[in-house]
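Geometric and topological summary
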Amino acid sequence: MEFLFCFLLGVVLGVSAGLLPGVHVNNLIPCILLLVTSLGLSPLSGAAALVSMAVVQTFTSYIPSTFLGVPDEGTALSILPTHRMVLEGRGYLAVRLTTRGCLSGLLLGSLLALPLAPAFGGVYSLLRPAMGWILLSVVILMVVSEGTPRRMAWGLLVFFLSGLLGLFTLDGGEEVLTPLLSGLFGMSVLLESLATRGRLPEQRGEEEDPSFSLSPLLSGVGAGIFTGFLPGIGPAEGTVLSQLVTRSRDTGDFLLSVSAVNMVKVLFSFVALHAIGRPRSGAAVAVGELLEVGGGELLFLLGVALLAGALSSLLTPALGRLFCSFLPRLPYRVLGAFTLLLILSLTLLLCGPSGLPLLLTATAIGLIPARVGVRRSHAMGVILLPCTLYFLGLRSL
């Protein structure tokens, strides 16, 4: 009963963190730790609550990013394709695609976790010194993949503008990620569609099963493993790596890949705690405070993650269907205005008045890619450039 209580508590908090913009798993971790301490619960039960919360939040976070365009680091790159699908009446399909990517990534990641864990120490020692050059190669490939000199020049400009914005602001803490990512990937997309759209189309609640493509899924799992145990590398960078490997421009493939990266990164942050003794997420840090993760404990955590993933695969489409049923009844400009006010409110709440110039600057940069015809992923320079310079020893993090 104790385990079931903690597991369900994690599910409820995970849904809350996923659906409420601006609320992150890290904000809710103290609640679980306080509960474990005050009620004298076992460390394993507390760890179960933390793992289930992190897994469920990853699934459900794609709902507000799909329908409202409010991103976090893991869902930022998914906003443009999912927003386009919503405008085509296929928002429910977008939710199903990201759910399938999360669940498939969780299953494949769990199968690979135990065999790969013993090799992590050696791989980590090998890659850590070369991380800066690896990231620099990723940046170069991103720019070169645009094809023409004109598009490469614009892509490079977007990368450096967003990168400079990150260099000047990320020292302010995780809170500044809200105005930065919301401006680059949320408000910029929303403003473009508000200019041409009066009402959301009816969302088709029943569609054919999403097509299953193995290549983007495998590349997403690989990138998620890569980012899951290396410091400073987030799901957005992993998604860029995955894109460069598959070279696919299909929307479904992209959503499968980005959601798999996000989920596997979460899973392997706990594997890294066992394999190299270094947590790679806030939830993993909290688990490390509760217990020492040996082989048996890792197997338990993987089982909890799979159980939470199975429940989330049923819960997330149901919540997505609920959003589909009532959002088209609202005038799109009213919904858009509400979302803009929500982003402004979150920025003021998390960063104070100083966050508004960040939001406006990020929005201005985020408007460039669509106008000049380059990929919006170049705007991930806001995180990639500071990380690259850090690993090259040119700045502190």
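A few points on the structure.

Here is what the cut-offs are and how they apply
- Residues numbered from 1 in each chain as written.
- Predicted model: local features only at pLDDT ≥ 70, side-chain atom pairs only at ≥ 80, totals over all residues.
- Heavy atoms only, no water.
- Helix = DSSP H or I, 4+ residues; strand = E, 2+ residues; numbered from the N terminus.
- Buried < 20%, exposed > 50% of the residue type's maximum accessible area, 1.4 Å probe, protein only.
- Contact = heavy atoms within 4.5 Å.
- Axes fitted to C-alpha atoms, helices over the stretch in contact; angles between N-to-C directions.
- Parallel < 35°, antiparallel > 145°, perpendicular 65-115°, else oblique.
- Left-handed = near helix turned anticlockwise from the far one by under 90°.
- Nonpolar A, V, L, I, M, F, W, Y, C, P; charged D, E, K, R; others polar.

**Brief notes about the environment of alanine 370**
Locating alanine 370 in the fold gives a position in helix α18 (residues 368-372). According to the relative accessible area criterion, alanine 370 is partly exposed, its value standing at 45%. For the pair alanine 370 and valine 189, spaced 181 residues apart in sequence, the C-alpha to C-alpha distance is 8.8 Å. Contact partners of alanine 370, with chain neighbours within four places excluded, come to Glu192 and Arg376.

**Quick notes on helix α19 (residues 381-391)**
Within α19, nine of the eleven residues are buried, which leaves it mostly tucked inside the rest of the structure. Of all the residues in α19, the buried ones are Gly381, Val382, Ile383, Leu384, Leu385, Pro386, Cys387, Thr388 and Phe391. Phi for glycine 393, located one or two positions after α19, is positive at around 80 degrees.

**Overview of the packing of helix α2 (residues 25-39) against helix α3 (residues 43-60)**
Relative to each other, α2 and α3 sit at 160 degrees, their axes nearing to 10 Å. Overall, the two elements α2 and α3 adopt an arrangement that is roughly antiparallel. In this structure, the crossing between α2 and α3 has a hand that is right-handed. Residues Val25, Leu28, Ile29, Ile32 and Val36 of α2 touch α3, and the partners they reach there are Gly46, Ala49, Leu50, Met53, Ala54 and Gln57. Per-class residue counts for the contact of α2 with α3 are nine nonpolar, two polar and no charged.

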